[in-house]
Amino acid sequence: MIARIRGEVIDILPQSLVVEVSGIGYEILMSGHDIDKNKLGDKVDLHTYHHVREQAEELYGFMSATAERLFTQLIGVNGVGPKAALSIIGLGDASALQNAIANQDSAYISSAPGVGKKIADRICVDLKDKVGLAGVSSGVGVVAAGDDAQAALVALGYPANEAAAALAGVDRALKTEERVKQALKGLN
């Protein structure tokens, strides 16, 4: 599986970027929100989801690990495919989507092209307790905005307040992966 792509943007298409890595151009499907942040010649480091199906292989790209985790959670909801999930991710930044799901704001989610009210309601019900909130309090606690390590622990099923407590003694200068590992040692 291809989990990350680092390279240079060599082409910008309506729904994707082509990123050259060691002479190979990878077409990476992205939300319009993320595509607009890039221009030709930019160096990018994208988190990716490699979607394999019977007749195609597709790479979906995200500017942050949080957006990629949200995408993975969204496609886990019955009736939500990768294109719909990408459309939902494209509504704005990941924290706004996390807040909408946690606050059961199906109107926000259904404003994504190709997403109806019924699917938006299902997303809210299925993911309410699985997403961390970006600085908003709820029954699962508070996830600090931009804290990918805490969001990763919440995505693994830990309540946000426990994740925050586990990360309290971990050096914020460490890479996200290392912070998560150290926090998991404390949680176990």
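See the structure above.
First, a word on what this report is: a plain description of the structure on this page. (Residues numbered from 1 in each chain as written. Predicted model: local features only at pLDDT ≥ 70, side-chain atom pairs only at ≥ 80, totals over all residues. Heavy atoms only, no water.)

Things to note about the overall build of the protein
Inference 1: When helices and strands are counted, the protein shows 9 helices and 5 strands.
Inference 2: Reading the protein from its N terminus to its C terminus gives the helix and strand order β-β-β-α-β-β-α-α-α-α-α-α-α-α.
Inference 3: For the protein, whose C-alpha radius of gyration is 17 Å, the value lies close to the compact-globule estimate of 16 Å for 188 residues.
Inference 4: C-alpha atoms of the protein, sized along the principal axes, occupy 45 × 40 × 30 Å.
Inference 5: Put simply, the protein has 188 residues, and 44% of those count as buried.
Inference 6: For the protein, the exposed area adds up to about 9600 Å²; of that, 50% sits on carbon and sulfur atoms.
Inference 7: Seen as two clouds, the 18 positive and the 23 negative side-chain charges of the protein have centres 4 Å apart. (Helix = DSSP H or I, 4+ residues; strand = E, 2+ residues; numbered from the N terminus. Rg over C-alpha atoms; globule rule 2.2 N^0.38 Å. Buried < 20%, exposed > 50% of the residue type's maximum accessible area, 1.4 Å probe, protein only. Areas by Shrake-Rupley, 256 points an atom, 1.4 Å probe, with all protein chains shown as cover. Lys, Arg positive; Asp, Glu negative; His and termini not counted. Charge placed at Lys NZ, Arg CZ, Asp CG, Glu CD.)

As for the packing of helix 2 (residues 65–75) against helix 3 (residues 82–89)
Inference 1: Relative orientation of the contacting elements helix 2 and helix 3 amounts to 135°, with a least axis distance of 9 Å. Taken together, the axis directions place helix 2 and helix 3 in an arrangement best described as oblique. With respect to the hand of their crossing, helix 2 and helix 3 are arranged in right-handed fashion. Note on element contacts: helix 3 touches helix 2 through Pro82, Ala85, Leu86, Ile88 and Ile89, opposite Ala67, Leu70, Phe71, Leu74 and Ile75.
Inference 2: When its residues are assigned to classes, the contact of helix 2 with helix 3 shows 10 nonpolar, no polar and no charged. (Axes fitted to C-alpha atoms, helices over the stretch in contact; angles between N-to-C directions. Parallel < 35°, antiparallel > 145°, perpendicular 65-115°, else oblique. Left-handed = near helix turned anticlockwise from the far one by under 90°. Contact = heavy atoms within 4.5 Å. Nonpolar A, V, L, I, M, F, W, Y, C, P; charged D, E, K, R; others polar.)

Description of the sheet that holds strand 4 (residues 43–53)
Sheet strands associate in pairs through backbone hydrogen bonding, adopting either a parallel or an antiparallel arrangement.
Inference 1: Strand order in this closed barrel of 5 strands is 1-2-3-5-4, and the pairing throughout is mixed. The average undirected angle you get between the axes of adjacent strands in this sheet is 55°.
Inference 2: By the bridge criterion, 4 bridges tie strand 1 (residues 4–12) to strand 2 (residues 16–21) in an arrangement that is antiparallel. Bridging across to strand 2, Ile12 finds its partner in Leu17.
Inference 3: Relative to the sheet, helix 3 contacts strand 3 (24–29), strand 4 and strand 5 (56–62), its axis offset from that of strand 5 by approximately 15°. (Pairing = 2+ DSSP bridges.)

Quick word on the pairing of strand 1
Inference 1: Looking at chain direction, strand 1 and strand 4 are connected through 5 bridges and run antiparallel. Looking at strand 4, one finds that Ile5 is bridged to Leu46.
Inference 2: The loop that links strand 1 with its antiparallel partner strand 2 comprises 3 residues.

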